[in-house]
Amino acid sequence: MRLPSSVLAPLLAITCLASACRDEQAGPRAREPRIPAPTQLRSLDAAPADLTYRSGATFGGGAVVYLGSKVSPERAAPGTQVRLSHYFQAVRPPPRGFSFFVHVVDPTSGGMLTNADHEVQGGAAPLESWPVGKVIEDVHTVAMPNVPGRVVMGFWRGDSRLTVDDAKAHDGTQRMLGPELGGEAPSLPEYSVPRVSQPPTIDGVLDDAAWKLAKPVVLRRSFDGSAARLRTEARLVHDGTSLYVAFDVEDPDVWGTLRKRDDPIYEEEVVEVFLDANADGRTYNELQVSPHNVIFDAYFPARRQGMDRSWDSGMKSAVKVRGTLDDPSDRDEGWTVEMQIPFDRLAEVPHIPPRPGDRWRFNLYRLEHHDRRTVEGQSFSPLFVGDFHALPRFGWLVFE
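Residues numbered from 1 in each chain as written. Predicted model: local features only at pLDDT ≥ 70, side-chain atom pairs only at ≥ 80, totals over all residues. Heavy atoms only, no water.

(A) Fine view of the packing of aromatic side chains. Scanning all chains against the criterion turns up 18 aromatic pairs. Here F100 and F155 contribute two aromatic rings whose centre-to-centre distance is 5.4 Å and whose plane-to-plane angle is 40°, an arrangement assigned as tilted. Within this pair, whereas F100 is found in strand β5 (residues 99–105), its partner F155 is found in strand β8 (residues 149–157), the two being separated by 55 residues in sequence. Grouping residues by exposure puts F100 and F155 together as buried. Aromatic side chains F274 and Y284 sit 6.1 Å apart centroid to centroid with 20° between the ring planes, which places their arrangement in the stacked category. With F274 in strand β16 (residues 270–276) and Y284 in strand β17 (residues 284–289), this pair connects stretches of sequence that are 10 residues apart. Of the residues examined, F274 reaches a relative accessible area of 0% and is grouped as buried. We classify Y284 as buried; its relative accessible area is 1%. Against the face of W396 rests R361, its NZ or CZ located 4.7 Å from the ring centre. (Phe/Tyr/Trp six-rings, centres within 6.5 Å; stacked < 30°, edge-to-face > 60°. Helix = DSSP H or I, 4+ residues; strand = E, 2+ residues; numbered from the N terminus. Buried < 20%, exposed > 50% of the residue type's maximum accessible area, 1.4 Å probe, protein only. Lys NZ or Arg CZ within 6 Å of the ring centre and 35° of its normal.)

(B) Spotlight on the domain arrangement of the protein. For the protein, the assigned domains are domain 1 (43–181) and domain 2 (190–399). Each of domain 1 and domain 2 has a C-alpha centre, and the two are 39 Å apart. With eight residues of domain 1 at the contact, the number on the domain 2 side is seven residues. For the pair domain 1 and domain 2, the summed buried surface comes to about 560 Å²; carbon and sulfur atoms form 67% of the total. Summed over the shared surface of domain 1 and domain 2, the result is zero salt bridges. Joining domain 1 to domain 2, the criterion identifies zero residue pairs in polar contact (both at pLDDT 80 or more). Residue classes in the side of domain 1 that touches domain 2 are distributed as three nonpolar, four polar and one charged. (Domains from an automatic or database assignment. Contact = heavy atoms within 4.5 Å. Buried area = accessible area lost by both parts, 1.4 Å probe. Salt bridge = Lys/Arg side-chain N within 4 Å of Asp/Glu carboxyl O. Polar contact = N/O pair within 3.5 Å; in protein donor to acceptor, adjacent residues only side chain to side chain. Nonpolar A, V, L, I, M, F, W, Y, C, P; charged D, E, K, R; others polar.)

Okay, here's the thing in structure tokens:
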């Protein structure tokens, strides 16, 4: 559902302030092939007998029935285009002024996988034109998601959606539940973090012996797991009292405008660590560092809820810039970051020091603004949604 800019802008600003967010659709989106639109409304006497998903739920107090959908092919490789055909029937004259929307979402979080909004039959069949008793077919294509997805759909006008009459037939936000897409999610990556007797010095220079004991990992694009345009390498070690994280960031233009602690640096270029120490998929900590060595840290009692910026991580950090900060006229090489995160400040740590074999959930991130415009998210464990708070996709941190 597309909201007008006068509504969307303040809503996005409020959401970001409340939950340290990034745009749910940040990063480039692949273009989808368009099916030629008919020149006039097309109706059927009945829906096909071979629907792959059947519903019967209604919108608008019984005015419109969603009969179901057909996915073709039902099984396809991730990224392959699949054809979605949706079937509706107006029982009485439908309401006026509503547009159609289709989303493919993560079933666990509701996070957007694909925004497939379009007009029914390419604009030839607006809702108010549907003849009573006839079946309306809408056909479009989407890319098969890399992870399990759920098609949800409905009708919107202004900043509201046409109500779904049965609470069990929608997702809680008036998005009618449609067919499921995709197969099993890719396995979650693991990182074995070694214990060191001599921790690294927090100076932003990654020449300490401790870092040579840590396995380097290269972050991938968070939205689809593909290779990022600019390289980001990370390493982790611990000494029993703190977790140490290093990032080595390739960046031809190192910049940032925010200077105060807990400023919303997640809206600019930043590296991030998310830690769910007891792996409950609920309580977690978020820690960030900008190229100006500005720190943002917060505690969350639940996903994107109750963000507590008064929480003090006790983190120490240092940044070393290979180039000139905030000067777009020259070409920089990048920047390095070292972070020391005390275990005793984190939420619900099972054991201090961590025992060998302890398993935390975590993720590492980078936000890059190419040419200070196009946003690309990178992560250790790809999310497949534009949401760094997608807790079920966090990887595993295994202590040695």
